[in-house]
Amino acid sequence: MTEMTEVEKHLRKSRNRKIKVEKGVEKAKEERGIMLVITGNGKGKSTAGFGNVTRCVGHGYKAAVVQFIKGKWDCGERNLLEKHGVPFAVMGTGFTWNTQDREVDIAAAKIVWEQAKVFLKDPDIHVVLLDELTYMLSYDYLPKDEILDALKNRPREQSVVVTGRRASAELIEMADTVSDIQDTKHAFRAGIKIRKGVDW
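Each value, and the rule that gives it
- Residues numbered from 1 in each chain as written.
- Predicted model: local features only at pLDDT ≥ 70, side-chain atom pairs only at ≥ 80, totals over all residues.
- Heavy atoms only, no water.
- Helix = DSSP H or I, 4+ residues; strand = E, 2+ residues; numbered from the N terminus.
- Buried < 20%, exposed > 50% of the residue type's maximum accessible area, 1.4 Å probe, protein only.
- Areas by Shrake-Rupley, 256 points an atom, 1.4 Å probe, with all protein chains shown as cover.
- Expected span 1.5 Å × (residues − 1).
- Arc of directions from axis to C-beta.
- Polar contact = N/O pair within 3.5 Å; in protein donor to acceptor, adjacent residues only side chain to side chain.
- Contact = heavy atoms within 4.5 Å.
- Patch = residues over 30% accessible without salt bridge, like charges linked within 9 Å, V, L, I, M, F, W, Y side chains within 5 Å.
- Salt bridge = Lys/Arg side-chain N within 4 Å of Asp/Glu carboxyl O.
- Core = buried A, V, L, I, M, F, W, Y, C linked by side-chain atoms within 4.5 Å.
- Phe/Tyr/Trp six-rings, centres within 6.5 Å; stacked < 30°, edge-to-face > 60°.

**Considering the overall build of the chain**
In terms of regular secondary structure, the chain is built from eight helices and six strands. Ordered by position from the N terminus, the helices and strands of the chain form the series α-β-α-β-α-β-α-α-β-α-α-β-α-β. Taken along its principal axes, the extent of the C-alpha atoms in the chain is 75 × 45 × 35 Å. In the chain, which comprises 200 residues, the share counted as buried stands at 38%. For the chain, the computed accessible surface area is about 12800 Å², with 53% contributed by carbon and sulfur atoms.

So this is what it looks like as structure tokens:
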């Protein structure tokens, strides 16, 4: 029996992969919006979420963004996307370790959550990004049952992206897709300052 060449091995792997992918495509019949959770300790969760928003807008769909935790400082994604008609609701108090005031943070979270609920009921919005929502649950700033209910009962065609560390078991269970971004190495720990246009 003659040994297969590298070209033949590659062709066989490619054919098998093609068959597997085509079976998956054939099996996927349901059309509806999905819920994505992007969690973990690594950098890039919000960046990935904004990638979904940008893709959505690039295809001519409507999107909306809610930013929990983040402040109202300059934001490259907001600068770009607002020019394309994407509405933003920003908690505006900044990081919790800066405010040091739980009551102020909770009050700000409740205001932004009211706008989030409006987005999550609008069937014309194709994608809603709930950036850093996980903290609202882990810090117990917002009622968990109300959040889960709003996510569950959003319009059928609407997709939602939830980002943040330590996503709760309920969010992970509800999600259709979960990505766990791990922290292997980070420039900040090596003393390198965050960079405009890369980190923010």
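**Things to note about helix 2 (residues 45-58)**
With 14 residues, helix 2 extends 20 Å between its outermost C-alpha atoms, agreeing within 8% with the 20 Å of an ideal straight helix rising 1.5 Å per residue. Considered for burial, the residues of helix 2 that qualify are K45, S46, G49, F50, N52, V53, C56 and V57. For helix 2, the buried positions fall inside an angular range of 150° around the axis, keeping them on one side. More than 90 degrees from the buried face of helix 2, the exposed residues found are R55 and G58. A positive backbone phi angle near 90° is found at G60, which sits one or two residues after helix 2.

**Quick notes on the side chain of T163**
Position of T163 relative to the elements: it lies in strand 5 (residues 159-163). Exposure remark for T163: the relative accessible area of 0% places this residue in the buried category. Of note is the side chain of T163, whose polar atom sits 2.6 Å from the side chain of D131. Excluding residues within four positions of it along the chain, T163 makes contact with I38, K45, S46, G49, L129, L130, D131, E132, L133 and T134.

**A short note on a nonpolar patch on the surface**
Residues F188, I194 and W200 make up a contiguous nonpolar surface patch of roughly 340 Å² in combined accessible area. Its place among the elements puts I194 in the segment after strand 6 (177-180).

**Thoughts on helix 7 (residues 144-152)**
By the burial criterion, the buried members of helix 7 are I147, L148, A150 and L151. Here the buried residues of helix 7 occupy an arc of 160° about the axis, which is enough to place them on one side. Turned more than 90 degrees away from the buried face of helix 7, the exposed residues are D145 and K152. Taken together, the buried residues of helix 7 touch strand 1 (35-39), helix 5 (102-119), strand 4 (125-131), helix 6 (133-138), strand 5 and helix 8 (169-174).

**Quick look at the nonpolar core**
Core analysis: the biggest nonpolar cluster contains 34 residues, and F68, L130 and M136 have the highest contact counts within it. Secondary structure elements with two or more residues in this core: strand 1, strand 2 (62-71), strand 3 (88-92), helix 5, strand 4, helix 6, helix 7 and strand 5. At seven residues, helix 5 tops the list of elements feeding residues into this core. Leave out the neighbours within four places in its chain, and F68 touches M91, A109, V112, W113, L130, D131, E132, L133, M136 and L142.

**Some details on the packing of aromatic side chains**
Under the defined criterion, the tally for this structure stands at three aromatic pairs. Ring plane angle 20° and centroid distance 6.2 Å describe the contact between F50 and F88, whose orientation is recorded as stacked. With F50 in helix 2 and F88 in strand 3, this pair connects stretches of sequence that are 38 residues apart. Each of the two residues, F50 as well as F88, counts as buried. On the numbers, 5.5 Å between centres and 50° between planes, the contact of Y135 with Y139 is tilted. Given the relative accessible area of 13%, Y135 is considered buried. For Y139, a relative accessible area of 24% translates into the label partly exposed. What links up through ring pairs into an aromatic cluster is the set Y135, Y139 and Y141.

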